[in-house]
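Descriptive analysis of the structure
Residue strings, one per chain:
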Amino acid sequence: DRGGTSDPFVVIHAEGQKVKTRVIKTTLTPEWGESFQVLVEEDAGKVSFEVYDYNTFGRNTLIGSTDLDTSALTPSSPPLHKWLPLDIPPAGGALKSLPKVARVGGTAYG
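A brief structural summary. Keep in mind it's a predicted model, so treat the numbers as computed, not measured.

**Regarding the environment of Thr 29**
Its place among the elements puts Thr 29 in the loop between strand E2 (17-20) and strand E3 (46-53). Given a relative accessible area of 59%, Thr 29 falls into the exposed group. The spatial distance from the C-alpha of Thr 29 to the C-alpha of Thr 5 is 9.3 Å, given a sequence separation of 24 residues.

**Side note on the pairing of E3**
The buried count for E3 comes to six of eight residues, which makes it a mostly enclosed element. Note: strand E1 (residues 8-14) against E3, six bridges, orientation antiparallel. Bridge pairing links Val 10 to Val 51 in E3. Pairing analysis gives eight bridges linking E3 to strand E4 (residues 61-69), with the strands arranged antiparallel. Note that in E4 the partner of Val 51 across the bridge is Gly 64.

What counts, and at which threshold
Residues numbered from 1 in each chain as written. Predicted model: local features only at pLDDT ≥ 70, side-chain atom pairs only at ≥ 80, totals over all residues. Heavy atoms only, no water. Helix = DSSP H or I, 4+ residues; strand = E, 2+ residues; numbered from the N terminus. Buried < 20%, exposed > 50% of the residue type's maximum accessible area, 1.4 Å probe, protein only. Pairing = 2+ DSSP bridges.

Next comes the structure, spelled out in structure tokens:
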């Protein structure tokens, strides 16, 4: 954005399911404090996270993305709270100054 901040939100993909966080306006340090539950079959492989900068006009800009390997998770796995590195697109994403890690928290089910 012109003010040097971003309006980030996250899109989560898991086995054909898609959920989206709310947009956090004008920040470089977003904290959503939201929980989502997605069903993941054993040996499904991954849950994907895409972080975008919301744009009122035009397309939203991809800031970065990451995947969570779910192959080791089982129904008895404890809640997962983990930082994941973001892969920044070759063009540098919307802002290079955003943190390059994302914290995933909540209960993960296999």
